[in-house]
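Structural description and commentary
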Amino acid sequence: MRKFIIPKEYKGYTVAQYLKDVEGYSGRSIRNLVLILDKKKVKPTKKLRQFSRLTVYETEKGTNIEPIEMDLKIVYEDNDLLIIDKEPFLVTHPTLKKVDKTLAHGVVHHFEKNTGKRSVPRFYNRLDMNTSGLIVVTKNAFSQAYLQEKVDTKKYYMAIVKGIVLEDEFFIESPIGRIGESLRREVLAVEDGGQEAKTHVRVLKRDMEKNLTLLEVELFTGRTHQIRIHLASIGHPILGDELYGGGDERANRQLLHSYKFIFENPGTKKEQTVEIQLPEDMKVFFE
């Protein structure tokens with residue numbers, strides 16, 4: 001539930017216009033709201049008066065995902081968001097393949113334990129099973145639409161790659177696509193079905209003896225396997241990434257970690273940064 005007192009400059013706006021233009025709701029999310037204006041239920045087309053009192057209720061959406069108690073590493077939580085440090089070797093969400101235990105099962109348990117409701121887990125981002133780090137779960141359609149449609153967010157990763165990356169800072173802007181039904185994606189021309197993809201790369205540390213480089217990577221697009229493909233395409237696959245040429249006995253997974261998320265908080269409308277450290281299986285290479 002959210003409550004608003006309408007400032008005088010929005011007199012004459014429809015409820016829908018106000019919620020979209022001022023509060024950050026999407027047109028799709030407004031369709032699932034119960035709207036109470038000055039104690040009367042109204043439609044989104046109802047016009048506002050100065051100092052009207054608007055109360056917004058979101059229709060509850062349940063899920064058939066069974067709750068499973070898990071030791072979630074919660075790094076931030078408020079009424080709209082739940083941000084978790086996901087451990088590696090954990091699938092984010094149930095897929096067509098049968099997976100008995102995913103992060104989604106743990107999130108549903110967390111919601112049910114704290115609210116008594118088995119609410120749907122709305123993932124703003126997802127990570128590959130063997131990638132660790134920050135995953136953002138939105139608790140309602142408003143916050144999901146706000147992050148997806150209203151504001152720009154910044155997502156940063158750390159990756160350990162094979163070889164010594166010589167250039168300190170650069171962009172990779174190679175389109176990415178899939179040929180046939182293969183799990184593997186490729187750098188693929190747009191005319192052949194590739195989608196535009198942009199990645200910024202910055203060197204943090206180099207270890208000549210181990211022949212490894214620690215990188216910070218920022219995503220500007222969100223293609224499947226984007227970081228893994230882009231780094232492999234320049235001859236520096238992620239250590240442990242067997243699918244893209246980084247297989248190595250020193251690592252039992254791709255050493256990729258989502259470590260920083262910068263966003264405008266849907267509730268406070270203020271910029272916020274959530275940042276976590278490298279996991280132990282990555283720290284050991286650069287201690």
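Note that the structure is a prediction, hence the values are computed from the model and not measured.

1. Some points on the overall build of the protein
A tally of helices and strands in the protein yields six helices and 16 strands. Judged by the C-alpha coordinates and their principal axes, the protein covers about 70 × 40 × 40 Å. Here the protein holds 287 residues, and the buried ones make up 50% of them. When the accessible surface of the protein is totalled, it reaches about 15,500 Å², and 46% of it is carbon and sulfur. Of the charged side chains in the protein, 47 are positive and 42 negative; the average position of the first set lies 11 Å away from that of the second.

2. Overview of helix 5 (residues 226-233)
Buried residues dominate helix 5, accounting for six of its eight residues. Along helix 5, the positions that sit buried rather than exposed are Gln-226, Ile-227, Arg-228, Ile-229, His-230 and Leu-231. At the C-terminal side of helix 5, Gly-235 shows a positive phi close to 85°.

3. A word on the pairing of strand 6 (residues 81-86)
Burial analysis of strand 6 places six of its six residues in the buried class, which makes it a mostly covered element. Neither face of strand 6 is open: one carries Leu-81, Ile-83 and Asp-85, the other Leu-82, Ile-84 and Lys-86, and all of them are buried. Looking at chain direction, strand 5 (residues 74-77) and strand 6 are connected through three bridges and run antiparallel. Across the sheet, Ile-74 pairs through a bridge with Ile-84, a residue of strand 6. The antiparallel hairpin formed by strand 5 and strand 6 contains three residues in its connecting segment.

4. Digging into a nonpolar patch on the surface
Side chains of Met-1, Val-34 and Tyr-57 sit close together on the surface and give an oily, nonpolar patch of about 290 Å² of accessible area. By the element assignment, Val-34 lies in strand 2 (residues 33-37).

5. Quick notes on the nonpolar core
Grouped together as the largest cluster of nonpolar side chains are 42 residues, with contacts concentrated most on Phe-4, Leu-19, Tyr-25, Leu-54, Val-56 and Ile-160. Ignoring anything within four residues of it in the chain, the contact list for Phe-4 reads Tyr-18, Leu-19, Glu-23, Tyr-25, Ser-52, Arg-53, Leu-54 and Val-56. Val-165, Phe-170, Val-201 and Val-217 belong to the second-largest nonpolar core, a separate cluster that totals 30 residues.

6. Focus on the sheet that holds strand 2
The strands that make up a sheet pair up through hydrogen bonds in the backbone, lying either parallel or antiparallel. In space, the four strands of this open sheet follow the order 1-4-2-3, with antiparallel pairing throughout. Strands at the two margins of the open sheet, each flanked by one partner only, are strand 1 (2-5) and strand 3 (40-42). On average, adjacent strands in this sheet sit at an angle of 30° to one another, irrespective of strand direction. As defined by bridge partners, strand 2 adjoins strand 4 (residues 53-58) across five bridges and the pair is classed as antiparallel. Of the residues in strand 4, the one forming a bridge with Val-34 is Tyr-57.

7. Structural notes on the side chain of Ser-119
Assignment of secondary structure puts Ser-119 in the loop between helix 3 (103-115) and strand 7 (122-123). On the basis of relative accessible area, Ser-119 is assigned to the buried category, the value being 16%. Residues contacting Ser-119, with those up to four places away along its chain left out, are Glu-60, Lys-61, Thr-63, Val-108 and Phe-111.

8. Some thoughts on the packing of aromatic side chains
Per the counting criterion, the structure on display carries eight aromatic pairs. Centre to centre, the rings of Phe-4 and Tyr-18 are 6.1 Å apart; their planes meet at 75°, and the pair counts as edge-to-face. Here Phe-4, found in strand 1, pairs with Tyr-18, found in helix 1 (residues 15-21); they are 14 residues apart in sequence, far enough to count as distant. You'll find Phe-4 and Tyr-18 in the same group, each marked buried.

9. Structural notes on the pattern of salt bridges
One pass over the full model with this rule turns up 15 salt bridges. Lys-162 is paired through a salt bridge with Asp-248; the nearest N and O atoms lie 3.8 Å apart. With Lys-162 in strand 9 (residues 154-162) and Asp-248 in the loop between helix 5 and strand 15 (256-264), this pair connects stretches of sequence that are 86 residues apart. Its relative accessible area of 23% is what places Lys-162 among the partly exposed residues. Judged by its relative accessible area of 18%, Asp-248 falls in the buried class. Bridged by salt links that share partners, the residues Glu-66, Glu-112 and Arg-118 form one connected network.

10. Overview of unusual backbone geometry
In this structure, Lys-39 is a non-glycine residue whose phi angle is positive, near 70°. Inspection of the secondary structure assignment puts Lys-39 in the loop between strand 2 and strand 3. Phi is positive for Asn-211, which is not a glycine, with a value near 60°. The topology assignment puts Asn-211 in the loop between strand 13 (199-207) and strand 14 (212-219). For Asn-211, a relative accessible area of 42% puts it in the partly exposed group.

The rules behind the values
Residues numbered from 1 in each chain as written. Predicted model: local features only at pLDDT ≥ 70, side-chain atom pairs only at ≥ 80, totals over all residues. Heavy atoms only, no water. Helix = DSSP H or I, 4+ residues; strand = E, 2+ residues; numbered from the N terminus. Buried < 20%, exposed > 50% of the residue type's maximum accessible area, 1.4 Å probe, protein only. Areas by Shrake-Rupley, 256 points an atom, 1.4 Å probe, with all protein chains shown as cover. Lys, Arg positive; Asp, Glu negative; His and termini not counted. Charge placed at Lys NZ, Arg CZ, Asp CG, Glu CD. Pairing = 2+ DSSP bridges. Patch = residues over 30% accessible without salt bridge, like charges linked within 9 Å, V, L, I, M, F, W, Y side chains within 5 Å. Salt bridge = Lys/Arg side-chain N within 4 Å of Asp/Glu carboxyl O. Core = buried A, V, L, I, M, F, W, Y, C linked by side-chain atoms within 4.5 Å. Contact = heavy atoms within 4.5 Å. Axes fitted to C-alpha atoms, helices over the stretch in contact; angles between N-to-C directions. Phe/Tyr/Trp six-rings, centres within 6.5 Å; stacked < 30°, edge-to-face > 60°.

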